[in-house]
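Letter by letter, the chains look like this.
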Amino acid sequence: MSRRNFLASTGVIAGTALIKPKDLKAVTLEQSNAPAKKLKVALIGTGSRGCGMWGRDLMKRYSEQLEFVGLCDINQGRLAFAKEYIGTDCPSFTDFEKMMIETKPELLIVTTVDATHHEFIIRGMELGANVLTEKPMTIDEQKVQAIIDAEKRTGKTCRITFNYRYSPHRAKIWELLQANEIGEVTSVDFHWYLDTSHGADYFRRWHRLTEKSGSLWVHKASHHFDLLNWWIDSDPETVYGLGALEFYGKNGKFRAENCRTCPHTKECNFYWDVTKNDYYKKIYVNNEKYDGYLRDGCVFKNDANIFDKMAASIKYKNGVQVSYSLTAYSPYEGYRIAFNGTKGRIDAWIQESRPVSDINYDEIILFKNFGKREYIHIPHGTSGHGGGDALLQDQIFVPNTPDPMKQCAGIRDGALACLVGIAARKSIESGQPVNIADLTSIKPEKNKKYTRIL
Ligand SMILES: NC(=O)c1ccc[n+]([C@@H]2O[C@H](COP(=O)([O-])OP(=O)(O)OC[C@H]3O[C@@H](n4cnc5c(N)ncnc54)[C@H](O)[C@@H]3O)[C@@H](O)[C@H]2O)c1
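The model shown is predicted, which means the values in this text are computed figures rather than measured ones. (Residues numbered from 1 in each chain as written. Predicted model: local features only at pLDDT ≥ 70, side-chain atom pairs only at ≥ 80, totals over all residues. Heavy atoms only, no water.)

(A) Molecular detail of the domain arrangement of the chain. The domain boundaries assigned to the chain delineate domain 1 (3–163), domain 2 (164–248 + 304–438) and domain 3 (253–291). With 10 residues of domain 1 at the contact, the number on the domain 3 side is 7 residues. Our count for the domain 1 to domain 3 interface comes out at 1 salt bridge. Summed over the shared surface of domain 1 and domain 3, the result is 4 residue pairs in polar contact (both at pLDDT 80 or more). Broken down by secondary-structure element, the contributors of at least two residues to the side of domain 1 that touches domain 3 are helix 2 (48–62) and helix 3 (76–86). Considering every element that reaches the side of domain 1 that touches domain 3, the biggest residue donor is helix 3, with 5 residues. Tallied by class, residues from the side of domain 1 that touches domain 3 come to 3 nonpolar, 6 polar and 1 charged. (Domains from an automatic or database assignment. Contact = heavy atoms within 4.5 Å. Salt bridge = Lys/Arg side-chain N within 4 Å of Asp/Glu carboxyl O. Polar contact = N/O pair within 3.5 Å; in protein donor to acceptor, adjacent residues only side chain to side chain. Helix = DSSP H or I, 4+ residues; strand = E, 2+ residues; numbered from the N terminus. Nonpolar A, V, L, I, M, F, W, Y, C, P; charged D, E, K, R; others polar.)

(B) Up close: the packing of helix 5 (residues 117–126) against helix 6 (residues 141–154). With their axes 9 Å apart at the nearest point, helix 5 and helix 6 run at an angle of 10° to one another. The orientation of helix 5 relative to helix 6 falls into the category roughly parallel. Here H118, I121, I122, M125 and E126 of helix 5 come into contact with helix 6, specifically with K143, A146, I147, A150, E151, R153 and T154. Taken together, the residues of the contact of helix 5 with helix 6 sort by class into 6 nonpolar, 2 polar and 4 charged. (Axes fitted to C-alpha atoms, helices over the stretch in contact; angles between N-to-C directions. Parallel < 35°, antiparallel > 145°, perpendicular 65-115°, else oblique.)

(C) Structural detail: empty space enclosed by the protein. Within this structure, the stated rule accounts for 3 cavities of 30 Å³ or more. Roughly 100 Å³ of internal volume is contained in the largest cavity. Lining of the largest cavity is provided by 14 residues; of these, C259, C262, C268, C298 and V299 occupy positions nearest its centre. Within the lining of the largest cavity, the residues separate by chemical class into 10 nonpolar, 3 polar and 1 charged. (1 Å grid on protein atoms, 1.4 Å probe; cavity = no way out; pocket = protein on both sides within 12 Å on 5 of 7 lines; lining within 4 Å. Points joined across faces, edges and corners; volume = space filled by probe spheres on them.)

(D) A look at the pairing of strand 12 (residues 321–330). Of all 10 residues in strand 12, 7 are buried, a share of seventy percent or more. Alignment of strand 9 (residues 185–195) against strand 12, held across 8 bridges, turns out to be parallel. Directly across from D189, in strand 12, lies its bridge partner S323. When strand 11 (residues 309–316) meets strand 12, the two strands line up antiparallel, connected through 7 bridges. Following the sheet pairing, I314 is matched in strand 12 by V322. (Buried < 20%, exposed > 50% of the residue type's maximum accessible area, 1.4 Å probe, protein only. Pairing = 2+ DSSP bridges.)

(E) Geometry of the sheet that holds strand 15 (residues 361–368). Pairing is mixed across the open sheet formed by 9 strands, whose spatial order is 16-15-14-13-9-12-11-10-17. The sheet terminates laterally at strand 16 (373–379) and strand 17 (434–435), the two strands that pair on one side only. Bridging between strand 9 and strand 13 (residues 333–341) involves 8 bridges; their strand directions are antiparallel. Looking across to strand 13, one finds that D189 is bridged to A338.

(F) How the structure looks around unusual backbone geometry. The step from K135 to P136 runs through a cis peptide bond, and the omega angle for that step is -10°. Tracing the backbone through its elements, the reader meets P136 in the loop between strand 7 (130–133) and helix 6. If you check the backbone angles, K104 has positive phi at about 45° while not being a glycine. Within the secondary structure, K104 is located in the loop between helix 4 (96–103) and strand 6 (107–110). With relative accessibility at 56%, the residue K104 sits in the exposed group. You will see that N180, though not glycine, has its phi angle at about 60°, which is positive. Within the element layout of this structure, N180 appears in the loop between helix 7 (168–178) and strand 9. Accessibility expressed as a relative area gives 39% for N180, which makes it partly exposed.

In structure tokens, the structure reads:
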């Protein structure tokens, strides 16, 4: 079905989408016979994610249902670029409060640096908006608690954009587990590899500072912990973590401020000329003069204080135990996962970059302990993040899209995903396992809670 036919079949092209709070927590986009009224959306953080998936893509795909009423960023140059790139004529602001008060959005989208998400989630809810935030929801347990308290206080809510749940490969794994194909799940082996391109890129950017990203334990692994929480369908209870920085940062033989000023470009495997990419030039390089942020920071800078190899043992409230690892300097990018159950096992993997073959599907193998094995092939998704990005957007902005796989994630889900990483960080500091229940008011439960929001 073409996109236009799909929209027509859901009544969207008629332009009748409205946002109607059904009650304080459950909010959904609905059809109505009332005259067309577009959802008023404001966005803070006009960087790469804000300009792309939550900016231009929304304008292209859902301009019948929503309108941008305000854009905000502390970098005025990037803000001006974003306005043009997204294709909106809405006002732009460098002052968040001013934007919220003047434009009164119904939905605030937060796509800033991770360590600032909580400020805008909380203040956005206080000023009357529901919020859609990029992951991770936030970076430490005090900020998690502040968000939980603000949700209770304001009656507004926040959806976390866990796009990884939406990729068809991961959704198929969820279905197999829910169908009890391998009996009760008892343990999971989950290993994620970032390659020397994407993995290195975290060390070029603000992500290399724990105070901005919460470290890869939170910035990156919260995606993975959210998947685990969703697949296992229970809450994480105890975390023991190990980690070290052994490859990037202080481990390099030489370093500079950034690639463009580096005297070692000929001998460095990580040399990267950001000016060769026109988009990066327009969004970052041309706007360095406003905030000094260098998109091509040296991967060997001494200030990097995040880990590049990490491992955790996680125990879930329903008894499932997980062995998890993340490595940030692999020759290829992807993951391997296995679920061990009382009646069988599921093996699955994805190789996201530098694939060893040109097959256009991803495989899952379903083993029965005393039966046949089954090979399941999932065609590659066409949109970003394994096909997940577009499916997530449709669920939020196409009216009446159901959620049969419980992929919608609220504040409790956002909290539990980052709390596993926060607990792992604390465990490394203390050398002791950390109980999730000791970090915030959330008490882990055997069966995961689900609420449909936004
Ligand atoms: N779900 C995914 O797969 C995915 C992918 C990429 C990024 N992200 C998330 O999106 C968010 C943005 O990442 P990005 O890659 O676009 O980063 P980016 O550096 O390109 O953009 C961040 C923007 O936030 C702005 N900003 C920072 N602090 C601010 C403040 N206090 N007030 C206003 N603006 C502020 C910066 O000026 C910049 O324009 C991050 O939280 C990241 O984790 C998610």
